[in-house]
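Report on the structure
So the chains spell out like this:
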Amino acid sequence: MSQEKIKITTGIDSLRSEIRDKSVRIIDVRREEDYKQSHIPTAVNLPLANLLSDDSPERVLKLVNAMGIDDQTPVVVYDDTFGALASRVAWTLEYLGHSDVSLLETTFSKWKSLGLENDNKTPEIQHKEHSIHLKPEILATSDYLDTSKDKPNVLLIDNRERLNYLEQHIPGAISLPYRTLATPDKILRPKEDMTRLLGNRGISGNSEIITYCGSVGTLSGLAYYALKSVGLPNVKLYVRSFKEWKNLEKPIAKQQDANYWDLSAE
Amino acid sequence: MTVSDLKQSYPDSPNPKINWARIEEAEAFANTVKLFRQGKYDEDSFRRYRLQHGAYGTRMTNDYAMVRIKLPAGEVYPHQLEKISQLSEQFSIGSAHFSTRENIQLHWVILEDVSEILRGLAEVGLTSREACGNSVRNVMCSPLSGVCPNEEFDSTPHALATARFFLRNPMSQSLPRKFKFNFTCCEKHGMVRMVDVGLIPQTRDLDGTTQKGFKIFLGGGLGNKSFVGYQLEDFTPEEDLLHTSIAVVKIFDRLGDRKNLARNRMRYLVNDMGWEKFQNLVLKERAIVRATQSVITQLEVDHTPSVIKRPIRISDESGSSTPDGYARWLKTNTLKQKQSEYSSVFITLEAGDITSNQLSELASIIREFSSEGHARAGFVQNIALRYVHDDDLSRLYSKLLTVGLAKPGALTMAAPIGCSGTTSCNLALTNSHRLAKEIQRKFLELKLDQDDDLQDSSIKISGCPNSCGQHGIATIGFFGGGGRVGKEMYPNYQMSLGGRSDGETMLGATCHRIPAKRVIPVILKIIELFKQNKKPDDTLKDWIHRIVNGKEESEIKSVLDMRKVLDSLTIPPTKEEDPDFYTDYGSDSSYHTKTGKGECAA
Ligand code: HEM
Ligand code: SF4
């Protein structure tokens, strides 16, 4: 496991050379109209909403094949939402069994603001055949949470904003807002920084870690990659997140007797 | 260099003169928290350590802290605001709070993340060290120092030098209690008689040359029991400033009460001993300090003038029309500086709160509009942009509008102060913070900010008797408590009238208990009574002052009369008639008081 090379993000400079070498499949997960206006050259469009309308492995397989991705194709995903939407797509590919998927280290706006190349051409795609080797070890379901979340070696992490967490969260979860994970320029902090920050919070070593957020596993998807980026071996995403948890009327915890919302300037 | 290393850079933003930070303190803090969590550090010493580094406890929990970032003399630079914006987004609630003492506070921070905040602050030269605990707290200076038309000279350099001298100085690491310095510009702007050491710059003529010095007030302060400070001597020359400060701190350190936590601020010492005795002690101690320390210890007052340079216009919007509300904002949020063609602009916040996004927008606005390239925190949970060229004011207003920072009323009664209250404070009994926001919204809706008769009055609210909201010096002040009807409780406030902190400083006179949900009607009633009874040139402040001092001749002659007229508004309805009466602002469940361990004495 530790031998395996984990590449979580792809740098701007290396993506540009991979584009030149035509050795990469880039997925732009923004809305179709944004994609059509401009995108990173050679990128294909897979709006997150499209993926989420049915993210069963069979459907995902079709999408992946149609994007010309086989088991060996290196994939880089980007968005304009601090990496959260891209993370959710990358995680879905990983779950399907694709092993070479990473996130662009920055957002499309940042890419553009640096004056880097972009166009509005839709690339010609050659259909490919991908296999299915599901990775259930990176998925957490509500049933799984029920049985495991209170075990001593399991950490449950809530990636929503602090006020939402204070108001309600899954009992036992700790708060790590998604904003904490980024720097102004990059979707994830540098490794050393991230390690220290997580270490302070007791997130380290060989715990099993489950991340969740508000609804569809985007913010927590980013956290999933943040945790992987420092080499934590056992991370799971509770994709259906707090929305499902609430709908199932499972227990909820709250920070009592304080009017924290009134400190917010919004 | 690769493309991704390219960063946008801003043209010549000036840098702060002083780096207040020590990066190693962040590391040490992280380690200490770990040791504490492992049980290797006892509660009390950990608390002292935490407070010394600027992290308070939070209401009903041990897992969160409030980090208080000091802005010595109130100065804050654009890149510092950007950093605080990021930190508030990453580690707090996406908002930050401008306090009444020129601190910026981040609430609901996980204790284990405090060190990350300290690290971020160190990157921009800021510290929270000695922002809490028994130390010399943030040294304040008037937001108008340097631009005030009434001032004798700018005391900002002296405030900065004083802050620098005491920060991390072993002399002030474990005082009997917290200790506060306030520098100001003139009698009118600032609070020098309600603080341990208050200083007003003044000059005198000595053999044909002008000598700089200060009027120094000692032993004042607000709290559960408040006192007005005494003037030490007619004139304290600039050279004696540090000697005097050291002498006072030393006396307090030696004689202050370390046992009785409720009575250990210096004002109690002064009160118990009697002013004259205390005054003598200070003068004697100062002679000793002067004799023994003059050679080694100098206050490093930096007199290099600030660079005033009108920023180059980045975008040209000439021809665009002046937006609605500009005249109102101009009237209630700006002051003419002594430098011709320049104004100081105060930003209205709601009880001091500002979003992360607004903080970073504000940073660009400062770069674009302030000719001194930085901002100053104000005294009333607000922030001031100074050296804005008069020709740029309407453009600035338009810009502020786009980021929601253009509310009027900053310099009027429509900008009440509210301490944190039940939003985060362990000792709070009511949601004073939200009440302040509600009053502001009502005042702005009724356009009371434009009423000249109300302009110099103030409303200040504390969530308990401890006075963090400075209710004692408000024209109309409130502190929270619980009221009771049978078994039911409701949020209640003790109202005082006529407090002030100017040359005629006095504490407000207790008037009545007002239920939280009646506070706004009561304030409006007082204004209505004033309008009925005022003399032509009266302001509300004058009128209330006469009432409090028994000098009013109309219908309402005394605080007691006022109390009587307001009686009918304070009678609790039954819970069936008005269930809302029994809830506090910001909460839909029945009101009950609940407090934890306070750390004000720590
Ligand atoms: C007995 C306990 C306390 C006393 C006597 C006390 C006293 C004061 C006073 C007098 C001020 C006004 C500033 C000044 O003029 O010096 C102040 C400000 C403040 N205090 Fe306290 N304090 C106490 C406890 C606390 C606690 C427990 C907290 C919560 C962490 C707190 C938070 C604040 C804040 C936030 C301000 C600035 C006001 C604002 O802008 O929100 N204080 N305090
Ligand atoms: S006045 Fe009371 S409620 Fe308000 S901050 Fe101070 S201690 Fe807390």
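For every chain, the first residue of its written sequence is number 1, and the numbers climb from 1 along that sequence. All chains are assigned letters beginning at A, and all ligands numbers beginning at 1, according to the order in which they are written. Residues qualify for local features only when their pLDDT is at least 70, as the model is predicted, and side-chain atom pairs are given and counted only at 80 or more; totals for whole chains, interfaces and linings, by contrast, use all residues. The basis for every side-chain value is the complete set of non-hydrogen atoms in the structure, without hydrogens or water.

What follows deals with the overall build of chain B. Note on conventions: DSSP H or I runs of at least 4 residues are helices, E runs of at least 2 residues are strands, and numbering of each starts at the N terminus. Across its full length, chain B carries 15 helices and 20 strands. In this description the radius of gyration comes from C-alpha coordinates, and the expected globular size is given by 2.2 Å times residues to the power 0.38. The globule rule puts the C-alpha radius of gyration for 602 residues at 25 Å, and the 24 Å found for chain B is close to it. Its C-alpha atoms give chain B principal-axis dimensions of roughly 70 × 65 × 65 Å. Classification of residues uses two cut-offs on accessible area relative to the type maximum, computed with a 1.4 Å probe and protein chains only: under 20% is buried, over 50% is exposed, and between them is partly exposed. The 602 residues of chain B split such that 62% are buried. Contacts are assigned to residue pairs with any non-hydrogen atoms lying within 4.5 Å of each other. Taking all contacts inside chain B whose residues are at least 6 apart in sequence as the whole, residues at least 24 apart take part in 70%. For the area figures, the Shrake-Rupley method with a 1.4 Å probe applies, and any residue is considered shielded solely by the protein chains shown. Total accessible area on chain B stands at roughly 23,500 Å², and carbon and sulfur atoms take up 49% of it.

For Phe, Tyr and Trp, where Trp contributes only its six-membered ring, two rings pair if their centres lie within 6.5 Å, and the inter-plane angle classes them as stacked under 30 degrees, edge-to-face over 60, or tilted in between. According to the stated counting rule, one finds 29 aromatic pairs over all chains in the structure shown. Their ring planes at 85° and their centres at 5.5 Å tell us that B:Phe227 and B:Tyr268 sit as a pair that is edge-to-face. Residue B:Phe227 is located in the loop between strand S8 (209–218) and strand S9 (230–231), and its partner B:Tyr268 is located in helix H7 (residues 266–273); the two are separated by 41 residues in the primary sequence. On the accessibility criterion, B:Phe227 (13% relative accessible area) is buried. Ring-over charges, as used throughout, are those where CZ of Arg or NZ of Lys falls within 6 Å of the ring centre and within 35 degrees of the ring normal. Just above the ring of A:Trp245 sits the side chain of A:Lys250; from NZ or CZ to the centre is 5.6 Å.

Here a residue counts as near a molecule or strand whenever at least one of its heavy atoms sits within 4 Å of it. Taken together, B:Cys419, B:Gly421, B:Cys425, B:Leu427, B:Ala428, B:Ser462, B:Gly463, B:Cys464, B:Asn466, B:Ser467 and B:Cys468 make up the full set of residues adjacent to ligand 2. Residue composition of the shell around ligand 2, grouped by class: six nonpolar, five polar and no charged. Put simply, Ala, Val, Leu, Ile, Met, Phe, Trp, Tyr, Cys and Pro go in the nonpolar bin, Asp, Glu, Lys and Arg in the charged bin, and everything else, Gly too, in the polar bin.

Let us look at helix H3 (residues 78–91) of chain B. Helices are assigned an expected span. That span is 1.5 Å times one less than the residue count. With 14 residues, H3(B) ought to run about 20 Å at 1.5 Å a step, and its terminal C-alpha atoms sit 20 Å apart, in line with that. The buried fraction of H3(B) amounts to ten of the 14 residues, a majority that puts the element mostly inside the structure.

On to the coordination of the iron atom of ligand 1, then. The sole protein-derived ligand of the iron atom of ligand 1 is B:Cys468 (SG), positioned 2.2 Å away. Inspection of the secondary structure puts B:Cys468 in the loop between strand S17 (459–462) and strand S18 (476–485). Only N, O and S atoms count as donors, using a 2.8 Å limit from the metal and a wider 3.2 Å limit for Na, K and Ca, and since water is excluded some coordination spheres may look unfilled.

With that settled, consider the packing of helix H1 (residues 24–37) of chain B against helix H2 (residues 43–52) of chain B. Residues and elements named next belong to chain B. For helices, the fitted axis covers only the stretch in contact; all axes are lines through C-alpha atoms, and the angles between them, taken along N-to-C directions, range from 0 to 180 degrees. In the contact formed by H1 and H2, the axes pass within 11 Å of each other and the chain directions differ by 160°. In terms of orientation, H1 lies roughly antiparallel with respect to H2. As H1 runs across H2, the sense of the crossing is left-handed. Contact residues: Glu25, Ala28, Phe29, Thr32, Val33 and Phe36 in H1; Glu43, Phe46, Tyr49 and Arg50 in H2. Each angle gets one of four labels, with under 35 degrees taken as roughly parallel, over 145 as roughly antiparallel, 65 to 115 as roughly perpendicular, and the rest as oblique. Whether a crossing is left-handed or right-handed is set by the direction in which the near helix is turned from the far one by less than a right angle, anticlockwise for left-handed and clockwise for right-handed.

A word on the nonpolar core. By nonpolar core is meant a set of buried Ala, Val, Leu, Ile, Met, Phe, Trp, Tyr and Cys residues that side-chain atoms within 4.5 Å join together. With 99 residues, the main nonpolar core has A:Ile27, B:Phe98 and B:Leu385 as its most contacted residues. If one sorts the elements of this core by residue count, helix H5 (residues 84–96) of chain A sits on top with seven residues. Setting aside its immediate chain neighbours within four residues, B:Phe98 contacts B:Leu71, B:Leu81, B:Asn103, B:Ile104, B:Leu349, B:Gly352, B:Ile354, B:Leu359, B:Ala377, B:Gln381, B:Asn382 and B:Ile383. B:Leu160, B:Leu232, B:Ala247 and B:Val248 belong to the second largest nonpolar core, which has 41 residues in total.

Take the domain arrangement of chain A next. All names here are of chain A. Domain start and end points were adopted from an automatic or database domain assignment. Domain assignment breaks chain A into domain 1 (9–134) and domain 2 (137–263). Every contact between the two is made by 20 residues of domain 1 and, on the other side, 20 residues of domain 2. Accessible-area loss on putting two parts together, using a 1.4 Å probe and summing over both, is the definition of buried area adopted here. With both chains or domains summed, domain 1 and domain 2 bury close to 1,700 Å², and 66% of this area falls on carbon and sulfur atoms. Counting the surface domain 1 buries against domain 2, the share from its top three residues, Phe82, Arg88 and Trp91, is 36%. The term salt bridge refers to a pairing of a side-chain nitrogen on Lys or Arg with a carboxyl oxygen on Asp or Glu at a separation within 4 Å. Here domain 1 and domain 2 share four salt bridges between them. Lys110 is the partner of Asp185 in a salt bridge, and the nearest nitrogen-oxygen pair spans 3.3 Å. Here a polar contact is taken to be a pair of N or O atoms separated by no more than 3.5 Å, where protein atoms must pair a possible hydrogen donor with a possible acceptor and residues adjacent in sequence count only if both atoms sit in side chains. For the pair domain 1 and domain 2, the number of links is eleven residue pairs in polar contact (both at pLDDT 80 or more). For the side of domain 1 that touches domain 2, the secondary structure elements donating two or more residues are helix H3 (48–53), H5 and strand S5 (101–104). Among the elements that line the side of domain 1 that touches domain 2, the one with the most residues is H5, at eight residues. Residues belonging to the side of domain 1 that touches domain 2 are distributed by class as follows: ten nonpolar, five polar and five charged.

What follows covers the pattern of salt bridges. Residue and element names in this part refer to chain B. Scanning the entire structure with this criterion turns up 68 salt bridges over all chains. The salt bridge involving Lys517 is made with Asp580; its shortest N-O contact spans 3.0 Å. Here Lys517, found in the loop between strand S20 (509–515) and helix H13 (519–533), pairs with Asp580, found in the segment after helix H15 (559–566); they are 63 residues apart in sequence, far enough to count as distant. The class for Lys517 is buried, based on a relative accessible area of 14%.

Residues and elements named next belong to chain A. Spatially, S6-S10-S9-S7-S8 is the arrangement adopted by the five strands of the open sheet, whose pairing is parallel. One side of each edge strand has no neighbouring strand; the edge strands of this open sheet are strand S6 (139–140) and strand S8 (174–175). Pairing between strands is defined by DSSP: at least two bridges between them are needed. Two elements, S6 and strand S10 (residues 235–238), share two bridges in a ladder whose sense is parallel. Along S10, the bridge assignment pairs Ala140 with Tyr238. Contacting strand S7 (154–158), strand S9 (208–212) and S10, helix H10 (residues 219–229) runs over the sheet at an angle of about 180° to S10.

The next thing to look at is H1(B). Taking 1.5 Å of rise per residue, 14 residues should cover 20 Å, and H1(B) covers 20 Å from first to last C-alpha, within 8% of that figure. Those residues of H1(B) lying buried are B:Glu25, B:Ala26, B:Phe29, B:Ala30, B:Thr32, B:Val33 and B:Phe36. Seen from one end, H1(B) has its buried residues packed into an arc of 165°, which puts them on one side. Buried residues along H1(B) sit against helix H9 (191–200) of chain A together with H2, strand S1 (55–58) and helix H4 (114–123) of chain B. Downstream of H1(B) by one or two residues, B:Gly39 has phi in the positive range, about 80°. By definition, the arc is the one covered by directions from the helix axis to the C-beta atoms.

We now examine the domain arrangement of chain B. Residue and element names in this part refer to chain B. Its domain assignment divides chain B into domain 1 (10–123), domain 2 (156–292) and domain 3 (417–582). A straight line from the C-alpha centre of domain 2 to that of domain 3 covers 32 Å. At the junction of the two partners, domain 2 supplies eleven residues and domain 3 supplies eleven residues. Taking both sides of the interface into account, the surface hidden between domain 2 and domain 3 amounts to around 910 Å²; carbon and sulfur atoms contribute 64%. On the surface where domain 2 and domain 3 come into contact, there are zero salt bridges. Along the lines of polarity and charge, the residues of the side of domain 2 that touches domain 3 split into five nonpolar, four polar and two charged.

Accessible area lost on assembly of the parts is the figure often given for the size of an interface. Each side of the interface is counted separately: chain B has 43 residues, and chain A has 34 residues. A combined buried area of about 3,200 Å² lies between chain B and chain A, and 51% of that area is made up of carbon and sulfur atoms. Counting across the chain B and chain A interface gives four salt bridges. For the pair chain B and chain A, the interface holds 20 residue pairs in polar contact (both at pLDDT 80 or more). Of all elements in the fold, only H1, strand S2 (61–70), H3, strand S5 (103–110), H4, strand S13 (353–355) and helix H12 (432–445) of chain B reach the threshold of two or more residues within the side of chain B that touches chain A. Broken down by class, the residue content of the side of chain B that touches chain A amounts to twelve nonpolar, 19 polar and twelve charged.

Residue and element names in this part refer to chain A. Every second residue of strand S2 (residues 25–28) is oriented toward a common face, with Arg25 and Ile27 on one face and Ile26 and Asp28 on the other, all of them buried. Across four bridges, the pairing between S2 and strand S4 (residues 75–78) is parallel. Pairing of Arg25 across the sheet is with Val75, part of S4. Two strands pair when backbone bridges link them, and S2 and strand S3 (residues 44–45) are joined in this way by two bridges, in the parallel orientation. Bridge assignment links Asp28 to a residue of S3, and that residue is Asn45. Handedness of the crossover joining S2 and S3 through helix H2 (residues 32–37) is recorded here as right-handed. A clockwise path from the first strand over the helix to the second, with the strands pointing away from the viewer, defines a right-handed crossover.

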